[in-house]
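Next come the chains, spelled out residue by residue.
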Amino acid sequence: MPHFFFNKKVILLLVGMIFLVALISFSLRDRTNATLPEQIIKDTVGVAQSIVAKPANYIAGIFNNIDSLLNTYEENKRLKARLEEFAVVQNEALQLKSDIKKFEQIEKSENLKAFNPIQATVIARNPDQWEEKIILDKGSSHGVTKNMAVMTASGLIGKITLVTPFTSEVELLYTNNPNYRVSAMVLGEKEAYGLIEGFDEERNELILKRIDSSLMVKEGEQVVSSGLGGIFPKGIPIGEITEISTDDYGLTKMAYVKPSADFSILEYVMIANRTSTVIDGADGNSTNKDLTNPQEDSEEEDE
């Protein structure tokens, strides 16, 4: 009896192995269509994978979106920083371009051919006399001396009144100093001479006095420095005549002059280093002898 059961088990094992081999062979052969069991199994597995994959992909997509947002935020910060740097560099480039243009305009001025120009930068204004005085970054160590003329590319603005080793103070044409005068010339059909003496605060214009009443001057004519006073070079633009009247005594003419230079915005200026010796600091006070024979006066001083 045990021997019979043993044989039966062997027979069943062999039959099972044969069935398994046949099933494997059937599965491995080339087929174009899946069997019904295969279809059931594949569809079941596919549905299960779909159920699991969709939430997983959704969650993974959320994390990817968050990561993308974080990367976008950081990139946006970097781009903003770059844009700010670019804006700063662009502003600096524009400022340098403007500065170069201003210096070129000053250097091209024909009025400085007979002088040694000293370029300077306005570093401050006198708090007590905001509209009348400015401070420059050039002093005696740079060759600046008292009574040197100061100008911009647009025109004359004043003269040096105080010098230290590394700075200098400029008294502008807009001053109430009664001793401050500039010998000027009107460029009309016939040249007319006069003196810039003070300015009108209400009109914000310079006052040109002591014009010969016999000479014809007109509105719109240009006023330049005459160079007769011994301080300011000849031919530097001062302004344009806006109105003409007579002085208090009616003996000479007086004119209001709109300045060529903008006194409210002064950044870069040129100091005219004259080679001749300046005797005093009041332009327009020279006598006829001083103006006709300056060399003789210099020789007498040397003696």
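Chemist: Would you explain the side chain of Ser-168 in this entry?
Modeler: Within the secondary structure, Ser-168 sits in strand 5 (residues 168–172). Classification of Ser-168 as buried rests on a relative accessible area of 2%.

Chemist: What is the right way to look at the pairing of strand 11 (residues 252–259) in this model?
Modeler: Both faces of the sheet carry side chains from a regular strand, because those side chains alternate between them. Where burial is concerned, most of strand 11 is hidden: 6 out of the 8 residues are buried. Two strands pair when backbone bridges link them, and strand 8 (residues 205–212) and strand 11 are joined in this way by 5 bridges, in the antiparallel orientation. Residue pairing in the sheet places Asp-212 in a bridge with Thr-252 of strand 11. In terms of strand pairing, strand 10 (residues 237–246) meets strand 11 through 7 bridges, oriented antiparallel. For Ile-244, the partnering residue across the bridge sits in strand 11 and is Ala-255.

Chemist: I tried to follow the confidence of the model for the chain on my own but got confused; where do I start?
Modeler: Low-pLDDT portions of the prediction should not be read for the details of their coordinates. Overall, the predicted model of the chain reaches an average pLDDT of 76, with 70% of residues at or above 70. Within the model, pLDDT remains below 50 along residues 286–303, and this stretch shows 9 contacts once partners closer than five positions in the same chain are excluded.

Chemist: In this structure, what is going on with the nonpolar core? I would like to understand it.
Modeler: In globular proteins that are soluble, nonpolar side chains generally tend to be buried together. Among the nonpolar cores identified, the biggest contains 44 residues, and Leu-136, Ile-157, Leu-208, Ile-238 and Ile-271 are the most heavily contacted of them. When residues in this core are grouped by element, the largest group, 4 residues, is from strand 12 (residues 268–273). In this structure, Ile-238 is in contact with Leu-156, Leu-173, Val-182, Ala-184, Ile-196, Leu-206, Val-223, Val-224, Ser-225, Lys-258, Pro-259 and Ser-260, ignoring residues within four places of it in sequence.

Chemist: Any chance you could explain the sheet that holds strand 9 (residues 222–225) here in plain terms?
Modeler: Strand pairs in the sheet, formed through backbone hydrogen bonds, run parallel or antiparallel to each other. The strand order around the closed barrel formed by 6 strands is 6-7-8-11-10-9, and the pairing between neighbours is antiparallel. If you compare each strand with its neighbour and ignore which way they point, the axes differ by 45° on average. The sheet contact formed by strand 9 and strand 10 spans 3 bridges and is antiparallel. The partner of Gln-222 across the bridge, within strand 10, is Glu-240.

Rules behind the numbers
Residues numbered from 1 in each chain as written. Predicted model: local features only at pLDDT ≥ 70, side-chain atom pairs only at ≥ 80, totals over all residues. Heavy atoms only, no water. Helix = DSSP H or I, 4+ residues; strand = E, 2+ residues; numbered from the N terminus. Buried < 20%, exposed > 50% of the residue type's maximum accessible area, 1.4 Å probe, protein only. Pairing = 2+ DSSP bridges. pLDDT = per-residue confidence, 0-100. Contact = heavy atoms within 4.5 Å. Core = buried A, V, L, I, M, F, W, Y, C linked by side-chain atoms within 4.5 Å. Axes fitted to C-alpha atoms, helices over the stretch in contact; angles between N-to-C directions.

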